[in-house]
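Chain by chain, the residues:
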Amino acid sequence: MRFAFKTSPQNTTWDAMLQVWQAADDIEIFESGWTSDHFYPTHSADPAVPRLEGWITLTALAQATSRLRMGTLVTGIHYRHPAVLANMAATLDVVSGGRLELGIGTGWNQEESSAYGIELGAPKERSDRFEEACEVITGLLGQETTTFKGSYYELTDARCNPRPVQQPHPPVCIGGSGEKRTLRTAARFAQHWNFDSGTVGQFIRARDVLHQHCADVRRDPAQILLSSQVRFSGDPAATAATAAEFGEAGAELAIVYLPPPYTPAVLEPLAKALGQLA
């Protein structure tokens, strides 16, 4: 297996996150680091918990590290127009020297969407919009010009310049397990699919549905990296054991979700335990 870590930029300080990422940059077993992208705290009883913006944080972390690949798990596509997001992604890929993983999804958080007046929409609208956005983003990042006319987005001879370092574009990581639409969109566009949370059995079912969608669109499923987030329990051995269960089910990358308060002290024991699985 391969391994990564995730630090959501909420209920923490910038300095604490920075210390974890800089320490992880020197620990080879961690191939990538991930943040999440929301404006309100998630999975928190306190709506006033502070939260740093995901892409600004990721850009700063790119400058503070030299080796780690990096991305968001995941950016709700309704937060930013996909042409804006494509330009952000291209710039961060340049700034990071080609280390960006472009994590995107349909979006789900009604609370922050309503608070900011950002239209989230019904599930079908989210899925339709997401599929269009994937076409817009991959077109802008991979082509000289992009013309697109859909129900949600319209581009005319649009450019994204400079282009990203990684060509035709940074790997697209799609998060989510919606069987009818999200996994079908992943089969069309993703180089990486991420399973957010759930049991190994749920991962296996979503994996099989993804592979069926790949067959339907004549895509080799081996072209899509499979990853699962694994919550850090505080016990490195137990966390590694959970990662191993997902590995046996087909996950190639385990992304260990670290809880705050963040401290680099957890990384070496965790790396040692994970190293037994590598």
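Residues numbered from 1 in each chain as written. Predicted model: local features only at pLDDT ≥ 70, side-chain atom pairs only at ≥ 80, totals over all residues. Heavy atoms only, no water.

**Regarding the layout of surface pockets**
Turning to step 1, where the next piece is worked out: Put simply, the largest pocket is a space of about 680 Å³.
Turning to step 2, where the next piece is worked out: Lining of the largest pocket is provided by 33 residues; of these, V74, W108, G175, G176 and D196 occupy positions nearest its centre.
Turning to step 3, where the next piece is worked out: Sorting the residues of the lining of the largest pocket by element identifies β3 (69-76), α5 (123-142), β8 (192-195), α7 (200-216) and β9 (225-231) as the ones contributing at least two each.
Turning to step 4, where the next piece is worked out: Examining the composition of the lining of the largest pocket, we find that four residues originate from one element, β3, more than from any other.
Turning to step 5, where the next piece is worked out: Tallied by class, the residues present in the lining of the largest pocket amount to eight nonpolar, 19 polar and six charged.
Turning to step 6, where the next piece is worked out: In this structure, the second largest pocket encloses a volume near 250 Å³.
Turning to step 7, where the next piece is worked out: Considering the residues around the second largest pocket, the lining is formed by 13 residues, among which Q10, T42, H43, Y257 and P260 are closest to the centre.
Turning to step 8, where the next piece is worked out: By residue class, the composition of the lining of the second largest pocket is six nonpolar, six polar and one charged. (1 Å grid on protein atoms, 1.4 Å probe; cavity = no way out; pocket = protein on both sides within 12 Å on 5 of 7 lines; lining within 4 Å. Points joined across faces, edges and corners; volume = space filled by probe spheres on them. Helix = DSSP H or I, 4+ residues; strand = E, 2+ residues; numbered from the N terminus. Nonpolar A, V, L, I, M, F, W, Y, C, P; charged D, E, K, R; others polar.)

**Let's talk about the environment of D25**
Turning to step 1, where the next piece is worked out: Looking at the element boundaries, D25 is found in the loop between α1 (14-24) and β2 (30-37).
Turning to step 2, where the next piece is worked out: For D25, a relative accessible area of 10% gives the class buried.
Turning to step 3, where the next piece is worked out: For D25 and M88, which are 63 residues apart along the polypeptide, the C-alpha to C-alpha distance reads 23 Å. (Buried < 20%, exposed > 50% of the residue type's maximum accessible area, 1.4 Å probe, protein only.)

**Section: the sheet that holds strand β1 (residues 2-6)**
Turning to step 1, where the next piece is worked out: Within the closed barrel, the eight strands sit side by side as β1-β2-β3-β4-β7-β8-β9-β10. Their pairing is parallel. Averaged over all pairs of adjacent strands, the angle between strand axes in this sheet comes to 25°, irrespective of strand direction.
Turning to step 2, where the next piece is worked out: The sheet contact formed by β9 and strand β10 (residues 253-257) spans five bridges and is parallel. Its bridge partner being in β10, V230 is matched across the sheet by V256.
Turning to step 3, where the next piece is worked out: Helix α6 (residues 182-189) rests against β7 (172-175) and β8 of the sheet, and its axis sits at about 170° to β7. (Pairing = 2+ DSSP bridges. Axes fitted to C-alpha atoms, helices over the stretch in contact; angles between N-to-C directions. Contact = heavy atoms within 4.5 Å.)

**A short note on the side chain of T146**
Turning to step 1, where the next piece is worked out: Note on placement: T146 falls in strand β5 (residues 146-149).
Turning to step 2, where the next piece is worked out: A distance of 3.3 Å separates the side chain of T146 from the backbone nitrogen of L140, its partner in a polar contact.
Turning to step 3, where the next piece is worked out: Other than its neighbours up to four places away in sequence, T146 contacts G139, L140, L155, T156, D157 and A158. (Polar contact = N/O pair within 3.5 Å; in protein donor to acceptor, adjacent residues only side chain to side chain.)

**Section: the packing of helix α3 (residues 82-95) against α5**
Turning to step 1, where the next piece is worked out: Where α3 meets α5, the closest approach of the two axes is 9 Å, and the angle between their N-to-C directions is 40°. The orientation of α3 relative to α5 falls into the category oblique. Relative to α5, α3 is oriented so that their crossing is right-handed. Where α3 abuts α5, its residues P82, A83, L85, A86 and A90 lie against A133, V136, I137, L140 and L141.
Turning to step 2, where the next piece is worked out: Each residue belonging to the contact of α3 with α5 can be placed in one class, and the counts come to ten nonpolar, no polar and no charged. (Parallel < 35°, antiparallel > 145°, perpendicular 65-115°, else oblique. Left-handed = near helix turned anticlockwise from the far one by under 90°.)

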